[in-house]
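Observations on the three-dimensional arrangement
Here's the letter readout for the chains.
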Amino acid sequence: MSVGAHAADALLPVYRRFPVTIVSGEDCELIAEDGKRYLDFVSGISVNLLGYNHPALREAIARVAETGVLHTSNFYHTAPGEELQVDFGPLGWLFDAVSRSLRPAYVFVATLSYSRHQYAEIVFDQKVPTWLALHQRACESFGGVPRRVVPDNLKAAVKKALVLDPILGEAYRRMALHYGFLISPTIPRTPRHKGKVESGVHYVKRNFWAGRQFVDSDGANQRLKTWVRDVAGTREHGQTHQA
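This write-up is about the structure you can find in this document.

Conventions we followed
- Residues numbered from 1 in each chain as written.
- Predicted model: local features only at pLDDT ≥ 70, side-chain atom pairs only at ≥ 80, totals over all residues.
- Heavy atoms only, no water.
- Helix = DSSP H or I, 4+ residues; strand = E, 2+ residues; numbered from the N terminus.
- Buried < 20%, exposed > 50% of the residue type's maximum accessible area, 1.4 Å probe, protein only.
- Contact = heavy atoms within 4.5 Å.
- Areas by Shrake-Rupley, 256 points an atom, 1.4 Å probe, with all protein chains shown as cover.
- Arc of directions from axis to C-beta.
- Pairing = 2+ DSSP bridges.
- Axes fitted to C-alpha atoms, helices over the stretch in contact; angles between N-to-C directions.
- Phe/Tyr/Trp six-rings, centres within 6.5 Å; stacked < 30°, edge-to-face > 60°.
- Salt bridge = Lys/Arg side-chain N within 4 Å of Asp/Glu carboxyl O.

**Some points on the overall build of the protein**
- The helix and strand tally for the protein stands at 7 helices and 10 strands.
- Expressed as a percentage of its 243 residues, the buried residues of the protein come to 35%.
- The contacts in the protein between residues at least 6 apart in sequence include a share of 53% that link residues at least 24 apart.
- About 15800 Å² of surface is accessible on the protein, with carbon and sulfur atoms providing 56% of the total.

Next up, the structure:
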């Protein structure tokens, strides 16, 4: 049985697979059985796991492995004011005080990557005007604009999601030019690249939303604002160990 056939039978379809069988490697290149060379676009993980990296690197890894340290999680550190991660999370049905009807609600969360302080607001759509207004209110709450904003590839932000050069929505691009921040969308289907706000969304849903009832969206947002200030904004973060 070929490697490809064995993989198809034995592996779960977690990632998209291509009909390429790697047989060797050199530095940052992987070499397929047909002789074609591929750049390793996964931060050297493929080259390193297959053992095709530089001999000096292999020796260094072997020395570290002998100490019992085999793997550590990836931690992404950013300077103050460097990065803001933004995302939506579904909440369920809520009474809209404007339309006077029940509507599916979403929570928008913006998390500063250095301090983990956040802005949160409940809305009923993810359209461009809402998206832009949320950014404006978030920056006003922080008292400034970050150097880089990291969204995912929702339609209000990205017109066409690409790995190297995504095409941004025109209104969002103009807003970034006006305020002077860089838009850095995550690579498609890689939510871990904005893990800080992903955790922030889960925290809002688990600690603020779950088990509570709200009369309408106005009341929910008033209580959410207080919760962000008095609860989320004062807790000691597990990684930074600071409030």
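**Remarks on helix 5 (residues 170-179)**
- For helix 5, every residue scored as buried is listed here: Tyr 172, Met 175 and Ala 176. One side of helix 5 holds all its buried residues, which, seen down the axis, span an arc of 100 degrees. Of the residues in helix 5, the exposed ones pointing more than 90 degrees away from the buried face are Arg 174, Leu 177 and His 178.
- In the core, the buried residues of helix 5 are packed alongside helix 4 (128-142), strand 7 (148-150) and strand 10 (182-183).
- Positioned one or two residues after helix 5, Gly 180 has a phi angle of 80 degrees, which is positive.

**Points about the sheet that holds strand 3 (residues 37-39)**
- The strand order across the open sheet formed by 3 strands is 1-2-3, and the pairing between neighbours is antiparallel. At either end of the open sheet lies a strand with only one pairing partner, and these are strand 1 (22-26) and strand 3. Each adjacent strand pair in this sheet contributes to an overall mean axis angle of 30 degrees, direction not counted.
- Pairing of strand 2 (residues 29-32) with strand 3, which is carried by 3 bridges, proceeds in the antiparallel orientation. When the bridges of strand 3 are listed, Leu 30 appears paired with Tyr 38.

**A look at the packing of aromatic side chains**
- As enumerated under the stated definition, the model contains 9 aromatic pairs in all.
- Where Trp 131 meets Tyr 172, the ring centres are 5.5 Å apart and the plane angle is 65 degrees; that geometry is what we call edge-to-face. Here the residue Trp 131 occupies a position in helix 4, and Tyr 172 occupies one in helix 5, the gap between them amounting to 41 residues. The exposure classification of Trp 131 matches that of Tyr 172, with both residues buried.
- Each ring, one from Phe 208 and one from Trp 227, has its centre 5.7 Å from the other, and the planes form 50 degrees; the classification is tilted. Of this pair, Phe 208 sits in helix 6 (residues 195-209) while Trp 227 sits in helix 7 (residues 217-232), and the two are 19 residues apart along the sequence. By the burial criterion, Phe 208 is buried, and Trp 227 matches it.
- Chaining the aromatic ring pairs together yields one cluster made of Phe 88, Phe 108, Trp 131, Tyr 172 and Phe 181.

**A word on the pattern of salt bridges**
- Enumeration over the complete set of coordinates arrives at 8 salt bridges.
- Residue Asp 96 is joined to Arg 103 by a salt bridge in which the shortest nitrogen-to-oxygen separation is 2.8 Å.
- Note on Asp 96: relative accessible area 4%, which makes it buried.
- Arg 103 sits in the partly exposed class, given a relative accessible area of 28%.
- Taken together, the salt bridges that share partners define one network made up of Glu 82, Glu 83, Arg 147 and Arg 148.

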